[in-house]
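Below are the chains, spelled out letter by letter.
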Amino acid sequence: QILDDGGDLTHWIYKKYPNMFKKIKGIVEESVTGVHRLYQLSKAGKLCVPAMNVNDSVTKQKFDNLYCCRESILDGLKRTTDMMFGGKQVVVCGYGEVGKGCCAALKAMGSIVYVTEIDPICALQACMDGFRLVKLNEVIRQVDIVITCTGNKNVVTREHLDRMKNSCIVCNMGHSNTEIDVASLRTPELTWERVRSQVDHVIWPDGKRIVLLAEGRLLNLSCSTVPTFVLSITATTQALALIELYNAPEGRYKQDVYLLPKKMDEYVASLHLPTFDAHLTELTDEQAKYLGLNKNGPFKPNYYR
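Remember, predicted model here, so these are calculated numbers, not experimental data.

1. Things to note about the layout of surface pockets
Consideration 1: Put simply, the second largest pocket is a space of about 830 Å³.
Consideration 2: Lining the second largest pocket are 27 residues, and of these Glu-266, Ala-269, Ser-270, Leu-273 and Leu-280 lie nearest its centre.
Consideration 3: Sorting the residues of the lining of the second largest pocket by element identifies helix H3 (58-81), helix H9 (228-247) and helix H10 (262-272) as the ones contributing at least two each.
Consideration 4: In terms of residues, the lining of the second largest pocket owes the most to one element, H10, which gives 8 residues.
Consideration 5: Taken together, the residues of the lining of the second largest pocket sort by class into 14 nonpolar, 5 polar and 8 charged.
Consideration 6: Taken domain by domain, the lining of the second largest pocket gets at least three of its residues from each of domain 1 (2-57 + 229-291) and domain 2 (61-223).

2. Overview of the side chain of Asp-265
Consideration 1: With respect to the helices and strands, Asp-265 occurs in helix H10.
Consideration 2: In this structure Asp-265 comes out as buried when scored by relative accessible area, which is 4%.
Consideration 3: Among the polar contacts listed, one links the side chain of Asp-265 to the side chain of Thr-59, at a separation of 2.6 Å.
Consideration 4: Excluding residues that lie within four positions of it along the chain, Asp-265 makes contacts with Ser-57, Val-58, Thr-59 and Leu-260.

3. Looking at the domain arrangement of the protein
Consideration 1: According to the domain assignment, the protein consists of domain 1 (2-57 + 229-291) and domain 2 (61-223).
Consideration 2: Summed over both partners, the interface of domain 1 with domain 2 buries about 720 Å², with 52% contributed by carbon and sulfur atoms.
Consideration 3: Where domain 1 meets domain 2, there are 0 salt bridges.
Consideration 4: Between domain 1 and domain 2 we count 2 residue pairs in polar contact (both at pLDDT 80 or more) in total.
Consideration 5: When residues of the side of domain 1 that touches domain 2 are traced back to their parent elements, those giving at least two are helix H2 (32-43) and H9.
Consideration 6: Ranked by residues supplied to the side of domain 1 that touches domain 2, first place goes to H9 with 3 residues.
Consideration 7: Of the residues contributing to the side of domain 1 that touches domain 2, the split by class is 3 nonpolar, 5 polar and 3 charged.

4. Some points on the UniProt feature "domain: S-adenosyl-L-homocysteine hydrolase NAD binding" (unreviewed entry) in the protein
Consideration 1: UniProt tags residues 65-226 as "domain: S-adenosyl-L-homocysteine hydrolase NAD binding" (unreviewed entry).
Consideration 2: From the first C-alpha to the last, residues 65-226 spans 11 Å; its make-up is 32% helix and 23% strand.

5. Description of the nonpolar core
Consideration 1: Ile-73, Leu-77, Ile-147 and Met-173 are the most contacted members of the largest nonpolar core, which totals 31 residues.
Consideration 2: Ranked by residues supplied to this core, first place goes to helix H4 (residues 97-108) with 5 residues.
Consideration 3: When near neighbours in sequence (up to four residues on either side) are disregarded, Ile-73 contacts Cys-102, Ala-105, Ile-147, Met-173 and Leu-219.

Calculation rules
- Residues numbered from 1 in each chain as written.
- Predicted model: local features only at pLDDT ≥ 70, side-chain atom pairs only at ≥ 80, totals over all residues.
- Heavy atoms only, no water.
- 1 Å grid on protein atoms, 1.4 Å probe; cavity = no way out; pocket = protein on both sides within 12 Å on 5 of 7 lines; lining within 4 Å.
- Points joined across faces, edges and corners; volume = space filled by probe spheres on them.
- Helix = DSSP H or I, 4+ residues; strand = E, 2+ residues; numbered from the N terminus.
- Nonpolar A, V, L, I, M, F, W, Y, C, P; charged D, E, K, R; others polar.
- Domains from an automatic or database assignment.
- Buried < 20%, exposed > 50% of the residue type's maximum accessible area, 1.4 Å probe, protein only.
- Polar contact = N/O pair within 3.5 Å; in protein donor to acceptor, adjacent residues only side chain to side chain.
- Contact = heavy atoms within 4.5 Å.
- Buried area = accessible area lost by both parts, 1.4 Å probe.
- Salt bridge = Lys/Arg side-chain N within 4 Å of Asp/Glu carboxyl O.
- UniProt positions renumbered as here; feature names shortened; annotations may be inferred.
- Core = buried A, V, L, I, M, F, W, Y, C linked by side-chain atoms within 4.5 Å.

Written as structure tokens, this is what we have:
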């Protein structure tokens, strides 16, 4: 089996060792970008084995992407820059689960937060949560921090970097190291100065400098810690997906991308409730019949997000 995060391992085996797929029982993928790649392969008829989309299970989306990033964005920035957040102007590129977490944390600390977004639904959510929706070009000269969390590439280009103000902090909370065009900064006219581990000053000829964190790689993996509680939730979800694919009878899963059954999502959540000394209410037989549910779940339909 392949246990992947970002789709890079799957992509590598697909390119270099395609024959290995004859021996592989399935793929479990836990990132937005990796899942996107799997759906592309499936659409093109090139997916040779069943794949489990763990990223879109609620226990992954909400906990790893939203709640964990809500805490780790502040942790990563504090550890690397010791900055104060009150009154700082921040632009967060992308208002998916990761962007929502980052914005919530920064807003709570008193930062002025702008959001960029391509999706009108996420954009409307940002507006309703009290954030100014802008294009990056409109605010790039005035912001103190730029945070990418889109899962896309070249979100912050050399042109944007050239226009940033002195001592602007640039970091990435999205996929891999593709969001900030760091390669464009490795030119003779710019000077790189390593300030401390994971912190570089990139200095322009006129003396302007930007603070680049983790060379554009994931800030929360490079510069902060990921809480063990969140890892436990994600790892449990992944382990169950691996077991499900491995033990599935012949023919249950075809060469396609599948969501983790909602019953498993709820099982993962219930395993972690005792940590909070939380007590679940049980439906009576009459209530269960009224809602048309099994008393033991699943309580939400498979399409619930």
